[in-house]
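Understanding the architecture of this molecule
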Amino acid sequence: MSFLNTINGWRTKVFVWIGLPVIAAIGLMLSVTDLAPAWEAKNGGGTPGTFTAVDEECGRRNCEWHGTFVATEGGAQRADVILYDAPDGLTAGATAPALDSGARKGVFSTAGGSTYLLVTGLALAGVAALVAWVVIIVRAIRRRGRRAEPAAPPASFAPSA
């Protein structure tokens, strides 16, 4: 029997009915707005400019620089943005070349990096969780429909008199 045909056990039920929708929601919400800008910046697209580092925020595993982005042409400015894929050795007050490709919270370093892979992975995980959840729901509904159908009366092969 396949996993989709036997949803029993409380852990499995929690994963299917709560875990998958949560994974789908988080994956899609965190990635959908930044997927195209991340790939555009990876391919060199966007508005070139300069990022000026203001302060660094560090979490458990990584640090990110916040600062100001000023476009090279036209001087358009974005304040309090994150520099994705910041180069090593960046310090407060230092500048780095960057691309503004329309990401919601930041700009991308021209030095390149792997943010586009992270965003793509989140999007794929969200889509996969959503598809799996929908498939499981559809199969559960079909199974219940089959159980609810009345059984056909047994055919009698006895000769009639």
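Predicted model, so just to flag it, every value in this text is computed and none were measured.

**A short note on the sheet that holds strand β4 (residues 95-100)**
Spatial strand order, β1-β2-β3-β5-β4: five strands in a closed barrel with mixed pairing. Along the sheet, successive strands turn relative to each other by an average axial angle of 50 degrees, direction set aside.

**Describing a negative patch on the surface**
A contiguous patch of negative charge, built from Asp55, Glu56, Glu57 and Asp80, is present on the exposed surface. The element contributing the most residues to the negative patch is strand β1 (residues 47-58), with three residues. Along the chain, the position of Glu56 falls in strand β1.

**A look at helix α2 (residues 35-42)**
Every buried residue of α2 is listed here: Pro37, Ala38 and Ala41. One side of α2 carries all its buried residues, which in axial view fall inside an arc of 100 degrees. Phi turns positive, to about 85 degrees, at Gly44, one or two residues after α2.

**Observations regarding the pattern of salt bridges**
A side chain with one charge can pair with a side chain of the opposite charge if their charged atoms come near. The final tally for this structure, using the stated rule, is two salt bridges. Arg104 is the salt-bridge partner of Asp34, the closest N and O atoms lying 3.8 Å from each other. Separated by 70 residues along the polypeptide, Asp34 in the loop between α1 (10-31) and α2 and Arg104 in the loop between β4 and β5 (106-109) bring together distant segments of the chain. Measuring nitrogen to oxygen at the nearest pair gives 2.9 Å for the salt bridge that ties Asp100 to Arg78. One end of the pair, Asp100, is in strand β4; the other, Arg78, is in strand β3 (residues 77-84), with 22 residues separating them in the sequence.

**Focus: the state of the cysteines**
For the structure shown, the criterion picks out one disulfide. Residue Cys58 pairs covalently with Cys63 via a disulfide, S to S 1.9 Å. Where Cys58 bonds to Cys63 through sulfur, the torsion about that S-S bond is close to 110 degrees, and the disulfide is right-handed.

Parameters and conventions
- Residues numbered from 1 in each chain as written.
- Predicted model: local features only at pLDDT ≥ 70, side-chain atom pairs only at ≥ 80, totals over all residues.
- Heavy atoms only, no water.
- Pairing = 2+ DSSP bridges.
- Helix = DSSP H or I, 4+ residues; strand = E, 2+ residues; numbered from the N terminus.
- Axes fitted to C-alpha atoms, helices over the stretch in contact; angles between N-to-C directions.
- Patch = residues over 30% accessible without salt bridge, like charges linked within 9 Å, V, L, I, M, F, W, Y side chains within 5 Å.
- Areas by Shrake-Rupley, 256 points an atom, 1.4 Å probe, with all protein chains shown as cover.
- Salt bridge = Lys/Arg side-chain N within 4 Å of Asp/Glu carboxyl O.
- Lys, Arg positive; Asp, Glu negative; His and termini not counted.
- Charge placed at Lys NZ, Arg CZ, Asp CG, Glu CD.
- Buried < 20%, exposed > 50% of the residue type's maximum accessible area, 1.4 Å probe, protein only.
- Arc of directions from axis to C-beta.
- Disulfide = S-S within 2.5 Å.

On their own, these measurements won't tell you what the molecule is for.
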